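Breakdown of the fold
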Amino acid sequence: MLDIKLAPATEHKAKPDESKLGFGIYYTDNMFIVDHTEGIGWHDARIVPYAPIALDPAAMVLHYAMESFEGMKAYRTPNGDIQLFRPDKNAERMINTNRRMCLPSLPVEDFVQAVKALVSVEKDWVPHQPGTSLYIRPFVIATEPHLGVRTSKTHQFIIICSPVGAYYSTGINPVKIFVEDEYTRACPGGTGFTKCGGNYAASLISQVKAHELGYEQTLWLDSQEHKYVEEVGSMNCFFKIDGTVYTAPTVGTVLPGVTRMSCIDLLKKWGIPVSEDRLPIADVMQASKDGKLEEVFGTGTAAVISPVGELRYEGDVAYINNGEIGEISHKLYDTLTGIQWGIIEDDMGWTVKVD
Ligand SMILES: *Cc1c(COP(=O)(O)O)cnc(C)c1O
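Quick caveat: nothing in here was measured; it's all calculated off a predicted structure. (Residues numbered from 1 in each chain as written. Predicted model: local features only at pLDDT ≥ 70, side-chain atom pairs only at ≥ 80, totals over all residues. Heavy atoms only, no water.)

**Re the side chain of aspartate 110**
Selection rule: What counts as a helix is a DSSP run of H or I of at least four residues, what counts as a strand is a run of E of at least two, and both are numbered from the N terminus. With a 1.4 Å probe rolled over the protein chains alone, any residue whose accessible area is under 20% of its type maximum counts as buried; one over 50% counts as exposed, and the rest are partly exposed. Counted charges follow a simple rule, with Lys and Arg positive, Asp and Glu negative, and His plus the chain ends left uncounted. Any Lys or Arg side-chain nitrogen found within 4 Å of a carboxyl oxygen on Asp or Glu counts as a salt bridge. Throughout this description, a polar contact denotes any pair of N or O atoms lying within 3.5 Å of each other; where both atoms belong to protein, one of them has to be capable of donating a hydrogen while the other can accept it, and for residues adjacent in sequence the pair is counted only when both atoms sit in side chains. The contact criterion used throughout is that any non-hydrogen atoms of two residues lie within 4.5 Å.
Turning to its location among the elements, aspartate 110 is positioned in helix H3 (residues 108-121). As a buried residue without a salt bridge, aspartate 110 has its nearest oppositely charged side chain in lysine 116, at a separation of 11 Å. A distance of 3.3 Å separates the side chain of aspartate 110 from the backbone nitrogen of methionine 1, its partner in a polar contact. The residues touching aspartate 110, leaving out its near neighbours within four places in the chain, are Met1 and Leu2.

As structure tokens, this is what we get:
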């Protein structure tokens, strides 16, 4: 248990128009901070007004990308309650990330306690309109001023919150995906399974390239053979081919998404065959030619389910389901969002109330 000192803002910012929230534009009144010092551990947990943080210009995070993050949401249910979705899974994933990055971790219970404490203070910031939510961004940074490359002796774990809009305010429009066959995102033994900032910095070049070619996101292939599908941008990726749903195994190069895990649980519950074997991109393109590529979709906290309407791989283009959301994608979307916003009963035990 953390001993959290409550010193929140006494003045409140004006709340933004809920129909124009977008993603990651507005921030709430307060943030959570806890310090970590080698030899002492975590200390001085506090909820304080949201404000710029002072860092020494030599702080190690600024030079060697010694940082990690998480992404999760708080949802407002029809009766006004606030709930989280599987927050323990984010806490566990952050521990795995931090182990790889030589960063200190909060125990699962303390992570969840900190998230709940901040969301509880920021309750009024959880938006009301359908599809809106409060995005929660926990992160760890190495704060010690030191230019030698080694682990840091001081760190901070911080949580900020941002009210975000309905992802599909204009209906679910399938995305166009460019299959990246030059750059790679993650290699065996690397950091692909972690949410560390460097992964995203290194992936931007492919996003820029995809945009230049008229595509919205990149589908990454494995780094060794450029043969197997891995994931899309910041989403895991699923392919329904001839009745079976395929998604890449989370063996180190793929981020183990909480949404991915939840989709697999639901598909299995519904009796739909799921395969986590490696899937060659050539098989996906061939399935399209044979009329067997039934659905393709990305999964992640931001969009929940993001249908893919078009895949471009080298000279070939696959058009999926006439640019419409597929049956399974739709059912997963309705079920997950129903549970998250408290519209349908959570018979999976995935939601956690915030008092
Ligand atoms: C965060 C993320 C995901 C999705 O994870 P969720 O827990 O479902 O939000 C997938 N891939 C990458 C690379 C990510 O950063």
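Resuming the write-up.
**Description of the site of the ligand**
For the record, the criterion: A cutoff of 4 Å decides nearness: a residue is near a molecule or strand if any of its heavy atoms lies inside that distance of it. Throughout, the Shrake-Rupley method with a 1.4 Å probe supplies accessible areas, and for residues the shown protein chains are the sole cover considered. Whether a set of points on the 1 Å grid over the protein atoms alone is a cavity depends on a 1.4 Å probe fitting there but being unable to get out, while an open set qualifies as a pocket with protein on both sides within 12 Å along at least five of seven lines; lining residues are those with an atom within 4 Å of a point. Any molecule with more than half of its atoms within 2 Å of a cavity's or pocket's grid points is regarded as sitting in that cavity or pocket. Residue polarity is assigned by list, with Asp, Glu, Lys and Arg as charged and Ala, Val, Leu, Ile, Met, Phe, Trp, Tyr, Cys and Pro as nonpolar; anything else, Gly included, falls into the polar class.
In the vicinity of the ligand there are 15 residues, among which Lys195, Tyr200, Glu231, Thr259 and Thr301 approach most closely. Contact distances for the ligand include 2.6 Å between an oxygen atom and a side-chain N or O atom of threonine 259. Between the ligand and the protein, one listed contact pairs an oxygen atom with a side-chain N or O atom of threonine 301 at 2.6 Å. In isolation the ligand has 380 Å² of accessible area, and contact with the protein removes 96% of it. More than half of the atoms belonging to the ligand lie within 2 Å of the grid points that define the largest pocket. Only strand S12 (235-241) and helix H6 (258-269) provide two or more residues apiece to the shell around the ligand. By residue class, the composition of the shell around the ligand is 4 nonpolar, 7 polar and 4 charged.

**Topic: the pairing of strand S2 (residues 30-37)**
Worth spelling out the cut-off: Two strands qualify as a pair provided that DSSP identifies no fewer than 2 bridges between them.
By the criterion of burial, S2 is predominantly enclosed, with 7 of the 8 residues buried. The pairing of S2 with strand S3 (residues 41-49) spans 7 bridges and is antiparallel. Within the sheet, the bridge partner assigned to aspartate 35 lies in S3 and is histidine 43. Hairpin connection, S2 to S3: the antiparallel pair is bridged by 3 residues, and glycine 39 has positive phi, about 90°. The sheet contact formed by S2 and strand S8 (residues 154-164) spans 6 bridges and is antiparallel. The residue bridging aspartate 35 from the neighbouring strand is glutamine 156, located in S8.

**Some points on helix H7 (residues 281-289)**
Put simply, the test is: To be clear, the arc concerns the directions from the helix axis to the C-beta atoms.
Of the residues making up H7, those classed as buried are Ile281, Val284, Met285 and Ala287. End-on view of H7: buried residues confined to an arc of 155°, all on one side of the axis. Once H7 finishes, glycine 291 follows within two positions and takes phi at roughly 75°, a positive value.

What is shown is where atoms sit, not what they do.
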